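Survey of secondary and tertiary structure
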Amino acid sequence: MKITVVGAGYVGLVTGACLAEMGNHVVCLDVDARKIAMLQNGQIPIHEPGLDAVVQRNAAAGRLQFTTDAAAAVAHGTLQFIGVGTPPDEDGSADLKYVLAAADNIGRHMTDYKVVVDKSTVPVGTADKVRAQVAAALASRGVDTAFAVVSNPEFLKEGAAVDDFMRPDRIIVGCDDERAGLLMRAVYAPFMRNRDKLVMMDVRSAEFTKYAANAMLATRISFMNELALLAERVGADIEQVRKGIGSDPRIGSQFLYAGAGYGGSCFPKDVKALIRTGQENGMQLGVLQAVEDANERQKHVLVDRVVERFGEDLRGRCFALWGLAFKPDTDDMREAPSRVVIEALSKRGADIQAYDPVAMTEARRVLEGTPGLRFVDHQSAALQGADALLVVTEWKEFRNPDFEAIKAVLRQPLILDGRNLYDPLLMRSLGIDYVGIGRGVDSPREPT
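Residues numbered from 1 in each chain as written. Predicted model: local features only at pLDDT ≥ 70, side-chain atom pairs only at ≥ 80, totals over all residues. Heavy atoms only, no water.

**Focus on the overall build of the protein chain**
When helices and strands are tallied, the protein chain shows 18 helices and 14 strands. The globule rule puts the C-alpha radius of gyration for 448 residues at 22 Å, and the 24 Å found for the protein chain is close to it. Taken along its principal axes, the extent of the C-alpha atoms in the protein chain is 75 × 45 × 45 Å. Taking all 448 residues of the protein chain together, the buried fraction comes to 53%. In the protein chain, once contacts between residues fewer than 6 apart in sequence are set aside, the share between residues at least 24 apart is 73%. Entry remark: accessible area of the protein chain is about 19700 Å², with carbon and sulfur atoms responsible for 51%. (Helix = DSSP H or I, 4+ residues; strand = E, 2+ residues; numbered from the N terminus. Rg over C-alpha atoms; globule rule 2.2 N^0.38 Å. Buried < 20%, exposed > 50% of the residue type's maximum accessible area, 1.4 Å probe, protein only. Contact = heavy atoms within 4.5 Å. Areas by Shrake-Rupley, 256 points an atom, 1.4 Å probe, with all protein chains shown as cover.)

**Concerning the pattern of salt bridges**
For the coordinates displayed, the defined rule picks out 31 salt bridges. With a shortest N-O distance of 3.0 Å, R170 and D169 are connected by a salt bridge. The class of R170 is partly exposed, set by a relative accessible area of 30%. With its nearest N and O atoms 2.8 Å apart, the salt bridge here joins R348 to E312. (Salt bridge = Lys/Arg side-chain N within 4 Å of Asp/Glu carboxyl O.)

**Considering the sheet that holds strand β11 (residues 373–375)**
If you walk across this open sheet you meet the six strands as β11-β10-β9-β12-β13-β14, and the pairing is parallel. Among the strands making up the open sheet, the edge pair consists of β11 and β14 (433–435). Taken pair by pair, the neighbouring strands of this sheet meet at an average axis angle of 20°, ignoring direction. As paired elements, strand β9 (residues 318–322) and strand β12 (residues 388–391) share four bridges and run parallel to each other. Bridge pairing in β12 links W322 to V391. Packed on one face of the sheet, helix α13 (residues 301–310) meets β9, β12, β13 (414–417) and β14 and runs near 155° to β13. Across the sheet, helix α14 (residues 337–347) lies against β9, β10 (351–355), β11 and β12, angled at about 175° from β9, the strand it touches most. (Pairing = 2+ DSSP bridges. Axes fitted to C-alpha atoms, helices over the stretch in contact; angles between N-to-C directions.)

**Things to note about the state of the cysteines**
This model, assessed by the stated rule, comprises zero disulfides. Not part of a disulfide, C266 finds its nearest cysteine sulfur in C18, a span of 16 Å. (Disulfide = S-S within 2.5 Å.)

**Examining helix α2 (residues 33–40)**
For α2, every residue scored as buried is listed here: K35, I36, M38 and L39. Here the buried residues of α2 occupy an arc of 155° about the axis, which is enough to place them on one side. In α2, those exposed residues whose orientation departs by more than 90 degrees from the buried face are A33, R34 and Q40. Buried residues belonging to α2 abut α1 (10–21), β2 (25–29) and β3 (64–67). Looking at where α2 begins, the residue whose side-chain oxygen comes 3.1 Å from the main-chain nitrogen of R34 is D32. (Arc of directions from axis to C-beta. Polar contact = N/O pair within 3.5 Å; in protein donor to acceptor, adjacent residues only side chain to side chain.)

**Some remarks on helix α15 (residues 360–367)**
When α15 is considered as a whole, its buried residues turn out to be M360, A363 and L367. Across the axial projection of α15, the buried residues extend over an arc of 60°, all falling on one side. Exposed positions of α15 whose direction lies more than 90 degrees from the buried face are T361 and R365. Where α15 is buried, its residues contact α14, β10 and β11. Immediately downstream of α15, the backbone of G369 shows phi near 90°, a positive value.

**Observations regarding the packing of α1 against helix α3 (residues 51–60)**
In the contact formed by α1 and α3, the axes pass within 9 Å of each other and the chain directions differ by 55°. Of the possible angle classes, the one that applies to α1 and α3 is oblique. Of the two elements, α1 crosses α3, and the hand of that crossing is left-handed. Across the interface between the two elements, L13, V14, A17, C18, A20 and E21 from α1 touch L51, V54, V55, R57 and N58 from α3. Tallied by class, residues from the contact of α1 with α3 come to eight nonpolar, one polar and two charged. (Parallel < 35°, antiparallel > 145°, perpendicular 65-115°, else oblique. Left-handed = near helix turned anticlockwise from the far one by under 90°. Nonpolar A, V, L, I, M, F, W, Y, C, P; charged D, E, K, R; others polar.)

**Quick word on empty space enclosed by the protein**
For the coordinates displayed, the defined rule picks out one cavity of 30 Å³ or more. Taken as a whole, the largest cavity encloses approximately 40 Å³ of empty space. D118, S120, T121, V122, S151, P153, E207 and K210 together form the lining of the largest cavity. In the lining of the largest cavity, the residues fall into two nonpolar, three polar and three charged. (1 Å grid on protein atoms, 1.4 Å probe; cavity = no way out; pocket = protein on both sides within 12 Å on 5 of 7 lines; lining within 4 Å. Points joined across faces, edges and corners; volume = space filled by probe spheres on them.)

**Some thoughts on the packing of aromatic side chains**
A ring pair, where both rings are aromatic, is described by two values, the distance of the centres and the angle of the planes. Evaluation of the coordinates by the stated rule reveals 10 aromatic pairs. Relative to F398, the ring of Y355 lies with its centre 6.2 Å away and its plane at 65°, an arrangement referred to as edge-to-face. Here F398 lies in the loop between β12 and α17 (403–409) and Y355 lies in strand β10, a separation of 43 residues in the sequence. Just as Y355 is buried, F398 falls in that class too. Look at F403 and Y422: their rings are 5.0 Å apart centre to centre, the planes differ by 90°, and that puts the pair in the edge-to-face class. Here F403 is found in helix α17, whereas its partner Y422 is found in the loop between β13 and α18 (424–429), with 19 residues between them in sequence. Given a relative accessible area of 10%, F403 falls into the buried group. Cluster of aromatic residues (ring-pair linked, three or more members): F165, Y188 and F191. R179 extends its terminal NZ or CZ atom over the ring of Y113, reaching a point 3.8 Å from the ring centre. (Phe/Tyr/Trp six-rings, centres within 6.5 Å; stacked < 30°, edge-to-face > 60°. Lys NZ or Arg CZ within 6 Å of the ring centre and 35° of its normal.)

**With respect to the confidence of the model for the protein chain**
On average, residues of the protein chain carry a pLDDT of 95, and 98% of them reach 70 or more. pLDDT under 50 marks residues 442–448. Its contacts with residues more than four places away, or in other chains, come to six contacts. (pLDDT = per-residue confidence, 0-100.)

**A word on the side chain of E154**
Within the secondary structure, E154 sits in the loop between β6 (147–151) and α7 (161–166). Within polar-contact distance, the side chain of E154 engages the backbone nitrogen of L156 at 2.9 Å. Excluding residues that lie within four positions of it along the chain, E154 makes contacts with V11, K119, T121 and K210.

Spelled out as structure tokens, the structure:
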């Protein structure tokens, strides 16, 4: 099948590469000539495990091509997937200018039946706007070519996106056009040979499903983070609590890890957008507002612990920071908790020695010029002369370090663990002063 994917960023590139992997002839369109040149030369502009091999293999086979030629890209595919960014606007709503620009391009160049597929995360009602934009572009040309608009939200986890696309647990398609529905079923048939994973519904419900899913996962994280703060006060260990409630099949074990807050390109943006959608429809979504507030508070917890130990004035202090990306297996720095931690420490006069296995280039770009911040090329180098170690991202290589070496190098043996990677009892036995998130069982209780 001939398919066009508009946007060669995270969603578009993964979508295009994985569809090509199943034998489709895919053309990826992007307005960024530099990015397209990189892809044409076999370079991948984002870090996503396994994606480079899929892209290079299918590009070499001629099934995956990259272009900046909008007319040629629109002419190529019957299915036109839109996978462009929807950044938050100033009021928290999703900015649809790139989505609507893509729709306008399709309408200006199409000459035969097209199925326009909204793959980007978009608010309820976006399909209507896309349909109107395509229709207006067609009318400006004086033509009346048939087309359909479908909602097909992505459910890709950064760091596992290729596997999520190739082995989906569900495929949501919102469609009100029979021909378009048959084409969508055909394109996804290779991804569900052992069982039918396609969930067909109306377009608005499909759009809403994506926001509801991300809001639910964000809610679980903020819920556990808030309980973690309470656990510290009552002398409970949130890790033991997590295991206890996660064993209940009604709850499950996913997204129950307390930590330094969530970040990335999805949860923060989508929670804000859903809150804004509620406001536009006369509703205050109190639960989601609390989720967002709790997350913003949680991003400051590590800094609060530093201030408790060293005071507000951190001049002359140095802190090692392990982890910059918002999560492991990605170089994405968008809304990363590390950015909040670094900014707050820097404002108080501290020096920060930061290391990340993958995100150093991106971190340098977004944090360039931060006073007191120095990037180092190895996790051990971050420890040299530091007053404490702050763990912000749960990379595998941080999970079982040489604790004796850490203890020997730090000015004082203090670890502030924002991801609860380590056992408080083991740390105590090693003579390390350890502070996790919600590990109150190892802390003195408030006097009664």
